[in-house]
Amino acid sequence: HPDFARARHSTRWVEERLDLSHLATNAADTEAPAPPGAAEELEAREVTAEVDGRRYRLKLWVPANPPAGAAPQVTAGARAPGRARLHAAHTSTPGAGSGVVTVPMQGTVVKVLVAVGDSVQAGQTICILEAMKMENAISAERDGVVKELRVAAGDSVGTGDVVAVVD
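We now turn to the structure provided with this report. (Residues numbered from 1 in each chain as written. Predicted model: local features only at pLDDT ≥ 70, side-chain atom pairs only at ≥ 80, totals over all residues. Heavy atoms only, no water.)

1. Notes on unusual backbone geometry
- The residue Ala7 is not glycine, and still its phi comes out positive at about 60 degrees.
- Residue position: Ala7 is located in the loop between helix H1 (2-5) and helix H2 (13-17).
- We note that Met132 has phi near 55 degrees; this positive angle belongs to a residue other than glycine.
- Note that Met132 resides in the loop between strand E8 (125-131) and strand E9 (134-139). (Helix = DSSP H or I, 4+ residues; strand = E, 2+ residues; numbered from the N terminus.)

2. A word on the sheet that holds strand E12 (residues 162-166)
- Read from one edge of the open sheet, four strands run E5-E12-E10-E7, paired in antiparallel fashion. Edge positions in the sheet fall to strand E5 (100-102) and strand E7 (119-120), since each of these pairs with one other strand and no more.
- Where strand E10 (residues 144-149) meets E12, three bridges bridge the pair, whose relative direction is antiparallel. Residue pairing in the sheet places Glu148 in a bridge with Val165 of E12. (Pairing = 2+ DSSP bridges.)

Note that all results are geometric; they support no functional claim without further evidence.
Here it is as structure tokens:
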């Protein structure tokens, strides 16, 4: 877009300049067309997004078969004032994984939901990490017992830091 080429854009560019008048106002009323050039490898998914306290139903075109190693799917959770909440869907199978629970990004541990000696199941939330005003559930990759817990509420962590060990 010319605004980007001339560096005449801001964080409010979408709200102020992008013309979306050609789109349907209610995703349920209209079947969204597939993107141009799309083949059978894409599928439509409906999601609900909340922006500034308003909920919107959106239809997204996503790969039907995501590539190996793709980021996990996320689903929206309850919204707290001033922050959005996202919980990562667990993609491992029980018994899989190393048992070392790490964080995917820098942030602050908001809450620890387990203690040393607790039994956990694959996909169970170990702690909640806040990063960029988003709360992320950090989950166990496998069933087992929490052998080590390396964080407490309020701790700052970096990408890849170990928060717990499940054996």
